[in-house]
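Observations on the model geometry
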Amino acid sequence: MRRANAWLGGLSCLFLSSTASAEWTYNMTRGVTEVSRNVFNLHMTIFWICVVIGVIVFGVMFWSMFMHRKSRGAVPAKFHENLSVEVLWTVIPLLILVGMAVPATRVLIDIYDAEDADIDIMITGYQWRWQYSYLGEDVSFFSTMSTSRDAITNSAPKGENYLLEVDEHLVIPVGQKVRFLITAADVIHSWWVPALAVKKDAIPGFVNEAWTRVDEPGIYRGQCTELCGRDHAFMPVVVEAVTQEEYAAWLAEKKELAAREAELRDKDWTLAELMERGQRVYSSACASCHQPGGEGIPPMFPSLKGTDMVLNDIPGHINIVVNGKPGTAMGAFGRQLSEVDLAAVITYERNAWGNDTGDVVTPLDILEFKEAQ
C-alpha cells in the first residue's frame, strides 16, 4: 500500500507540474494559412480512416476470440486457400490506399508549388541566428534570440515567450505569396513555423524552397528543429504578418536604416562610441560562446581576457573574427556583421574585462582588410 500511495503521489505531482508549466496539446495546429488548414484536414481525414480500420479489425478480432473460444467447444476450421478472401484483402486495402493518396497528393502539390511568388526572401541559417535577405529590395538583417541569459539561468523570471523572442522579426505582408529560399552557412539547420505549415531544412551548399500566404495579421513563432550544435534551442523564428500599408512603411524604414549604416563606415568613431556599440554586438553574437564576461569555456571557446592575440595582435584579431578558424566552433563573421559592427566588437574585446589596450579598430580598417584578402 505504501508503494502504491507513493506511485500515485508521484504521478499526481507529475500531472500537476505538467499542467502548470504548459498547455497540453494532443493534435496538430490548424494554422493560419490555406496550406496549413489543408494539411490539418488531411491529417484528420487519415486519422479517422485509421480509427475506422482499427475499430473494425480489432472488433472482428475480439469478437472472434470471444465467440469461438475453446470453452464454448469451438473447433477450428481446416482449409488452405480461399480465392474470395484473398481478393477481398487485396482489393479493399488497395482502395483505402488510393483513397488516402489522392487528397495527400493534392496537398503535396500545393505545398511544393512555390512559383509566381510576389516576394522572395533568402533565409540563411547560422549558429545560432537567422539572416533574412529580401531579394531585389537591398534589405538584409539578422534575427537573434532576445531572451536574456539571466532568464535562461533562472536569475530572472521567464517571460511569456521564453526562448521564442528575437530582436528582429521577419515581416511579411498579408494576402501575398511569399517564397522562402532556405540555406545555411555552417551546419544543417531547419526553419520551422507550425502556424504557417512551413518546415524546411537549411543545408550548406543547397537552396530549398518553401512558400506561404498569410490571411490575417499576427505574430507566428517557430524554432530551428535540427540539432545544429550547442545552443540549438536558442535559435527561434518569429514571423510578423502585417497589412500592405504597414509592410511598405516597414520596408522603407529598413532601406533608410541600411543607407544610414553605409554612411557610418566613413564616420570618425571614438573609442567610447565603438565600445557602446561593440557591447551590444558582443552580447548578441559572441556571448553565447565566449560568455558575457569574456572568460569563455576552454578549451572549446577560449577566454578573451588577457590573451596574447587580444592584447597584442590586431591583424590576427581582425582575421579570426572576419574569417573564423577552420576546424573549430569559431565561425566567420565577415558576412554576418557589417564593417561597423565588426570594428565595434573587436574594439570592445580589446578594451573590455580589464584588457584596456586603448586600441581603436575602425570600419575603414575592416574594409581595408577585406579588400586586401
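Please refer to the structure higher up on the page.
Attention in this report is confined to the structure presented alongside it. Note that this is a predicted model, so its numbers are computed, not measured.

Rules behind the numbers
- Position numbers for residues count from 1 along each chain, tracking the sequence in the order it is written.
- A pLDDT threshold of at least 70 governs which residues receive local features in this predicted model, and a stricter bar of 80 or more applies before side-chain atom pairs are shown or counted, although totals over entire chains, interfaces and linings include all residues.
- Derived side-chain values reflect all non-hydrogen atoms in the structure, with water molecules and hydrogen atoms excluded from consideration.
- We count a salt bridge whenever a side-chain nitrogen from Lys or Arg sits within 4 Å of a carboxyl oxygen from Asp or Glu.
- The numbering of helices and of strands both runs from the N terminus, where a helix is a DSSP run of H or I of at least 4 residues and a strand a run of E of at least 2.
- Any residue under 20% of the maximum accessible area for its type is buried, any over 50% is exposed, and the rest in between are partly exposed; the area is computed with a 1.4 Å probe on protein chains only.
- Think of it this way: DSSP has to see at least two bridges between two strands before they count as a pair.
- To obtain an axis, a line is fitted to C-alpha atoms, over the contacting stretch when the element is a helix, and the angle between two such axes runs from 0 to 180 degrees between their N-to-C directions.
- Stacked, tilted and edge-to-face are the three classes assigned to paired rings of Phe, Tyr and Trp, where Trp is represented by its six-membered ring and a pair needs centres within 6.5 Å; plane angles under 30 degrees give stacked, over 60 edge-to-face, the rest tilted.
- Only when the NZ atom of a Lys or the CZ atom of an Arg is both within 6 Å of the ring centre and within 35 degrees of the ring normal do we say a charge sits over the ring.
- Remark: nonpolar core denotes a set of buried residues (Ala, Val, Leu, Ile, Met, Phe, Trp, Tyr, Cys) joined through side-chain atoms within 4.5 Å.
- Any two residues whose heavy atoms approach within 4.5 Å are treated as being in contact.

For the rest of this paragraph, the subject is the pattern of salt bridges. Going through the model one piece at a time under the given rule, you end up with 11 salt bridges. Note that Lys 255 is salt-bridged to Glu 137, the shortest N-O span being 2.8 Å. Here the residue Lys 255 occupies a position in helix H5 (residues 244–264), and Glu 137 occupies one in the loop between strand E2 (129–134) and strand E3 (139–143), the gap between them amounting to 118 residues. Relative accessible area serves as the criterion here: at 26%, Glu 137 is assigned to the partly exposed category. Lys 267 is paired through a salt bridge with Glu 273; the nearest N and O atoms lie 3.3 Å apart. Salt bridges linked by common partners bring Asp 120, Arg 179 and Glu 209 together as one network.

Let us look at the sheet that holds strand E8 (residues 208–212). The strand order across the open sheet built from five strands is E3-E2-E1-E5-E8, with neighbouring strands paired in mixed fashion. Looking along the sheet, the strands with just one partner apiece sit at the ends: E3 and E8. Going across the sheet, the axis of each strand differs from the next one's by a mean of 25°, ignoring polarity. As defined by bridge partners, strand E1 (residues 119–126) adjoins strand E5 (residues 178–184) across seven bridges and the pair is classed as parallel. Pairing of Asp 120 across the sheet is with Arg 179, part of E5.

Taken as a whole and judged by the stated rule, the model has 12 aromatic pairs. Aromatic ring contacts, followed pair by pair, group Tyr 132, Tyr 134, Phe 141, Tyr 247 and Trp 250 into a single cluster. A cation over a ring is seen here: Arg 129 above Phe 142, with NZ or CZ 5.1 Å from the ring centre. The lysine or arginine in question, Lys 254, covers the ring of Phe 141, its NZ or CZ lying 4.6 Å from the ring centre.

Residues Val 198, Lys 200 and Ala 202 line the buried face of strand E7 (residues 198–202), whereas the alternating positions Lys 199 and Asp 201 sit on a face that is not buried. Across five bridges, the pairing between strand E6 (residues 189–193) and E7 is antiparallel. Residue Val 193 lies in a different strand from E7, and its bridge partner there is Val 198.

With 38 residues, the main nonpolar core has Ile 121, Trp 130, Tyr 132, Tyr 134, Leu 170, Phe 180 and Trp 191 as its most contacted residues. Look past the residues within four positions of Tyr 132 in its chain and what remains in contact with it is Ile 121, Met 122, Ile 123, Val 139, Ser 140, Phe 141, Ser 143, Leu 170, Trp 191 and Val 237. One finds Val 281, Val 321, Ile 366 and Phe 369 within the second-largest nonpolar core, a separate group that totals 22 residues.

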